[in-house]
Amino acid sequence: MSVVRARGLRKSYGGAEVVAGLDLELRRGECFGLLGPNGAGKTTTLRMLLGLTAPDAGSIEVLGRPVPGQAREARVRVGVVPQVDNLDPDFTVRENLLVYGRYFGMSRREVEARVPALLEFAALEGRAASRIQALSGGMKRRLVLARALVNDPDLVFLDEPTTGLDPQARHLMWERLRLLLRQGKSILLTTHFMDEAERLCDRLAIIDHGRLLAEGAPHALIAEHVEPEVVEVYGEGVEAWYAAHAGPLSRRAELHGETAFCYTDAAAPLVASLAGEARLRFVHRRANLEDLFLKLTGREMRE
Amino acid sequence: MSAALRALASRRWVAVWRRNYLVWRKLAAESVAGNIVDPLFYLLGFGLGFGAMIPEVDGVRYIAFLAGGTVCYTTMLSASFESLYSGFARMHVQRTWEGILNAPVSLEDVVLAEWTWAASKSLLSGTAVLLVATALGLGQSWTMLLIVPLAFLIGLAFSGMGLVMTALAKSYDFFTYWFTLVLTPQMMLCGVFFPLANMPPWLQALASALPLSHAVALGRPLFLGRWPADPLLHVAVLAAYGLAGFALALALFRRRLLS
């Protein structure tokens, strides 16, 4: 059973195709990650799924409703955590929840009944009367999440939910998102943090230039596209070592700046070749989602 | 416009209007104080000081003549400030609209709420001027009460046009044009401070096209206990400015926010 189904989505702005034939499917109860470099089309895709931008071509269904035709009805059962906090600075924590509930047609009593649980969920107990300016970045982010849950949605869209948060605040956010999944909610998440996607997502899609590059469970995708072991070598003289050893001892190797990335099935010969190199440092690790992401989307900077 | 009519019927816009009202209520004391003190000193200073040099205008004391115009331009200004500066803050700076649009609320609901909220601010400030004028013993006729709904209509006219500017604005600076090129000239040309009849014909013709002239043509007689000439014409012109502004603003907001 899918909660989001998009087929052949296309969207151009001024001749530039931002989303170029994208298919997406989000199953009930899963956390689905939408990953891609800046400008890959993530936010435009989210806006189309919410019915805030009409696609040039393609079809969208969210919670069984055609979008944008019945986007408003679909949004009754959706919660959204936007990329940039847009809490009401003139209201307290509690008033933010009360006012937002009104937009869903909820009565004051209905929202008031939910406020204590929402504040507890957001770890903001005792903060009900606080002004927004008095909250830390992590607290604001969690309040935005609580606000997105005011209507008890079946599906939650999160656009870069932990950008700008410190590690403690990120871990708390992740814990809360897992709690939502245990409650049976479905999550669609965009993020730049590969560790975040690897931890949270049941499945994910990597997109670039508005096209789908890969889709599947994180570990299956890594196994499918990237060699299992990685040796990163850096330090003075890395170029010479790279020229002599990296090619023959790796399945695939790249030199970027002052770091050599060597991808291999068995790292022992690479590590052995580094034994006599006192000036070089290295890290031997398992391949991760970032390796996959960089392999598919390249290493050039996106502005 | 059909989407706007559906939005009106759905009443979801009321939640957005209410949001603005709740914010206003937090700062109501300061706001009401300004609404009262501003016209009070205006009328006292200008009306008495300037009025001392003028025996009578239109058969009444200058200060009473001025009060009838003041109520109109005050409502013009309050709807304009609300739809331009506060509206821009909510749309762009604070991203309040973005949050609202993620809920099951449409852009039509939001713009309808902004339009009527700015007109509500006009109603409040217009009523405050009436109270001040009454306290000064200037207006005594029951026809004054009709200025309360008139203030709302004037508010709709100017917030409709103001929202067009908000939909086009890149920053607050843009609004300076609207104030200096559109609103200030109307204050000077539309009969707020002196009778239009004293102006040269070409200036009168220009003034008759401007919405504030029609507001004053209704507001001043009602304030002085007289029945305005051609009331339906003036109401229709104000409504037309408001509706045209609203429709154009909505189209521009759609292009800006939903493309």
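What you see is a predicted model, and the numbers here were worked out from it, not measured in a lab.

*Asks:* Describe the interface of chain A and chain B, with residues and values.
*Replies:* Every contact between the two is made by 27 residues of chain A and, on the other side, 25 residues of chain B. Across the chain A to chain B interface the summed buried area is about 2300 Å²; carbon plus sulfur atoms make up 53%. Run the count over chain A and chain B and you get four salt bridges. The salt bridge involving Asp109(B) is made with Arg72(A); its shortest N-O contact spans 2.5 Å. Put simply, chain A and chain B have 12 residue pairs in polar contact (both at pLDDT 80 or more) between them. Contributing elements (two or more residues each) for the side of chain A that touches chain B: β1 (2-13), α2 (71-75) and α3 (93-102) of chain A. The greatest single-element share of the side of chain A that touches chain B, amounting to four residues, is contributed by α3(A). Here the side of chain A that touches chain B is built from residues that sort into 14 nonpolar, four polar and nine charged.

*Asks:* Give me the lowdown on the environment of Arg5(A), citing residues and values where you can.
*Replies:* Residue and element names in this part refer to chain A. Mapped onto the elements of the fold, Arg5 is located in strand β1. Of the residues examined, Arg5 reaches a relative accessible area of 35% and is grouped as partly exposed. In this structure, the C-alpha to C-alpha distance between Arg5 and Ala197, residues 192 residues apart in sequence, is 20 Å. Not counting chain neighbours up to four residues away, the residues in contact with Arg5 comprise Leu24, Glu25, Ser59, Ile60 and Glu61.

*Asks:* Go over the sheet that holds strand β12 (residues 252-256) of chain A, please, and point to the residues and values.
*Replies:* Residues and elements named next belong to chain A. The sheet built from four strands is open, its strands ordered β12-β13-β11-β14 with antiparallel pairing. Each edge of the open sheet is held by one strand with a lone partner, namely β12 and β14 (280-286). Within the sheet, the average angular offset between the axes of one strand and its neighbour, ignoring direction, is 15°.

*Asks:* Explain the confidence of the model for chain B to me, and be specific about the residues and the numbers.
*Replies:* A residue-level look at chain B finds 100% of positions with pLDDT of 70 or above and a mean pLDDT of 94. Confidence metrics for the complex model read pTM 0.93 and ipTM 0.91.

*Asks:* Run through the environment of Pro89(A), naming residues and quoting values.
*Replies:* Position of Pro89(A) among the secondary structure elements: in the loop between β6 (78-81) and α3. For the pair Pro89(A) and Glu258(A), spaced 169 residues apart in sequence, the C-alpha to C-alpha distance is 46 Å. Not counting chain neighbours up to four residues away, the residues in contact with Pro89(A) comprise Arg131(A), Ile132(A), Gln133(A) and Gln94(B).

*Asks:* Pulling in residues and values, what's your account of the packing of helix α6 (residues 107-135) of chain B against helix α7 (residues 147-168) of chain B?
*Replies:* Residues and elements named next belong to chain B. Between α6 and α7, the shortest axis-to-axis distance is 7 Å and the interhelical angle comes to 135°. Looking at the two axes, α6 sits oblique to α7. With respect to the hand of their crossing, α6 and α7 are arranged in right-handed fashion. Here Val111, Glu114, Trp115, Thr116, Ala118, Ala119, Ser120, Ser122, Leu123, Gly126, Thr127 and Leu130 of α6 come into contact with α7, specifically with Ile147, Val148, Ala151, Phe152, Gly155, Leu156, Ser159, Gly160 and Leu163. Residue classes in the contact of α6 with α7 are distributed as 12 nonpolar, eight polar and one charged.

*Asks:* Describe the packing of helix α4 (residues 62-93) of chain B against helix α10 (residues 211-223) of chain B, and please don't skip the residues or the numbers.
*Replies:* Helices that pack against each other are described as a pair by the angle of their axes relative to one another and the distance between those axes. Residues and elements named next belong to chain B. At a closest axis distance of 8 Å, the pairing of α4 and α10 adopts a crossing angle of 135°. Taken together, the axes of α4 and α10 lie oblique to each other. Where α4 crosses over α10, the handedness of that crossing is right-handed. Seen from α4, the contacting residues are Ala64, Phe65, Ala67, Gly68, Gly69, Cys72, Tyr73 and Met76; seen from α10, they are Leu212, Ala215, Val216, Gly219, Arg220 and Phe223. Considered class by class, the residues forming the contact of α4 with α10 number 10 nonpolar, three polar and one charged.

*Asks:* Describe the packing of aromatic side chains, naming the residues involved and giving the relevant values.
*Replies:* Scanning the entire structure with this criterion turns up 24 aromatic pairs over all chains. Here the aromatic rings of Tyr100(A) and Tyr103(A) are separated by 5.5 Å at their centres, their planes lie at 80°, and the arrangement is edge-to-face. With a relative accessible area of 5%, Tyr100(A) lands in the buried category. Here Trp17(B) and Tyr21(B) contribute two aromatic rings whose centre-to-centre distance is 5.7 Å and whose plane-to-plane angle is 10°, an arrangement assigned as stacked. Of this pair, Trp17(B) and Tyr21(B) both sit in helix α2 (residues 13-26), four residues apart, which is roughly one turn of the helix. Residue classification places Tyr21(B) among the partly exposed residues on the basis of a relative accessible area of 28%. Taken together, the ring pairs in this structure connect Tyr42(B), Phe46(B), Phe50(B), Tyr62(B), Phe65(B), Tyr73(B), Phe193(B) and Phe194(B) into an aromatic cluster. Taking the ring centre of Tyr100(A) as reference, the NZ or CZ of Arg147(A) above it sits at 4.4 Å. Lying across the ring of Phe65(B), Arg220(B) places its NZ or CZ 3.5 Å from the centre.

What counts, and at which threshold
Residues numbered from 1 in each chain as written. Chains lettered and ligands numbered in written order. Predicted model: local features only at pLDDT ≥ 70, side-chain atom pairs only at ≥ 80, totals over all residues. Heavy atoms only, no water. Contact = heavy atoms within 4.5 Å. Buried area = accessible area lost by both parts, 1.4 Å probe. Salt bridge = Lys/Arg side-chain N within 4 Å of Asp/Glu carboxyl O. Polar contact = N/O pair within 3.5 Å; in protein donor to acceptor, adjacent residues only side chain to side chain. Helix = DSSP H or I, 4+ residues; strand = E, 2+ residues; numbered from the N terminus. Nonpolar A, V, L, I, M, F, W, Y, C, P; charged D, E, K, R; others polar. Buried < 20%, exposed > 50% of the residue type's maximum accessible area, 1.4 Å probe, protein only. Pairing = 2+ DSSP bridges. Axes fitted to C-alpha atoms, helices over the stretch in contact; angles between N-to-C directions. pLDDT = per-residue confidence, 0-100. Parallel < 35°, antiparallel > 145°, perpendicular 65-115°, else oblique. Left-handed = near helix turned anticlockwise from the far one by under 90°. Phe/Tyr/Trp six-rings, centres within 6.5 Å; stacked < 30°, edge-to-face > 60°. Lys NZ or Arg CZ within 6 Å of the ring centre and 35° of its normal.

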